Amino acid sequence: MAQNTEKPAPTPEEMARKKAAKVIGYHGWLADWRRANPEADVESRKAAWNEVKNLKLRDARRTLKRLEKTGFVVTPMPGSIAAE
């Protein structure tokens, strides 16, 4: 007997945290990767990101959590979340 349980819709705060984690994780990685691979093309960048994506996003979520514990708040600009 499988129950039909749907996930509740994410709140704007949860969506903002998720987007912030993506931005922090990807762009933190991208700066280092570009320095190490100045001649690389788009396809190799995408492949390299897919290899480390889960690890970098986890690290970014931990960074956000630490920032929040020390008193910082991540707030999106109006309309930035709805655009996705």
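Located above this text is the structure these notes cover.
Residues numbered from 1 in each chain as written. Predicted model: local features only at pLDDT ≥ 70, side-chain atom pairs only at ≥ 80, totals over all residues. Heavy atoms only, no water.

Draft legend 1. Quick look at the packing of aromatic side chains. A complete count under the given rule lists 4 aromatic pairs for this structure. Plain terms: the ring middles of Tyr26 and Trp49 are 5.0 Å apart, the flat faces sit at 85 degrees to each other, and that makes the pair edge-to-face. Here Tyr26, found in helix H1 (residues 12-36), pairs with Trp49, found in helix H2 (residues 42-69); they are 23 residues apart in sequence, far enough to count as distant. Measuring from centroid to centroid gives 5.2 Å for Trp29 and Trp49, while their planes differ by 50 degrees, and the two rings are tilted. Taken together, the positions of Trp29 in helix H1 and Trp49 in helix H2 put the pair 20 residues apart, joining distant regions of the chain. On the accessibility criterion, Trp49 (11% relative accessible area) is buried. Taken together through their ring pairs, the aromatic side chains of Tyr26, Trp29, Trp33 and Trp49 make up a single cluster. (Phe/Tyr/Trp six-rings, centres within 6.5 Å; stacked < 30°, edge-to-face > 60°. Helix = DSSP H or I, 4+ residues; strand = E, 2+ residues; numbered from the N terminus. Buried < 20%, exposed > 50% of the residue type's maximum accessible area, 1.4 Å probe, protein only.)

Draft legend 2. View of the nonpolar core. Counting residues in hydrophobic clusters, the biggest one holds 6 residues: Trp29, Leu30, Trp33, Ala48, Trp49 and Leu57. Secondary structure elements with two or more residues in this core: H1 and H2. If near-sequence neighbours (up to four positions away) are discounted, Trp49 is found in contact with Gly25, Tyr26, Trp29, Lys56 and Leu57. (Core = buried A, V, L, I, M, F, W, Y, C linked by side-chain atoms within 4.5 Å. Contact = heavy atoms within 4.5 Å.)

Draft legend 3. Quick peek at the pattern of salt bridges. Enumeration according to the criterion identifies 3 salt bridges in this entry. Where Arg35 meets Asp32, a salt bridge forms, and the shortest distance between an N and an O atom there is 2.5 Å. Remark: Asp32 and Arg35 occur in helix H1; sequence separation between them is 3 residues, near one turn of the helix. Relative accessible area serves as the criterion here: at 61%, Arg35 is assigned to the exposed category. The class of Asp32 is partly exposed, set by a relative accessible area of 47%. Residue Arg58 pairs with Asp59 through a salt bridge whose shortest N-O separation is 3.8 Å. Residue Arg58 is classed as partly exposed on the basis of its relative accessible area of 36%. (Salt bridge = Lys/Arg side-chain N within 4 Å of Asp/Glu carboxyl O.)

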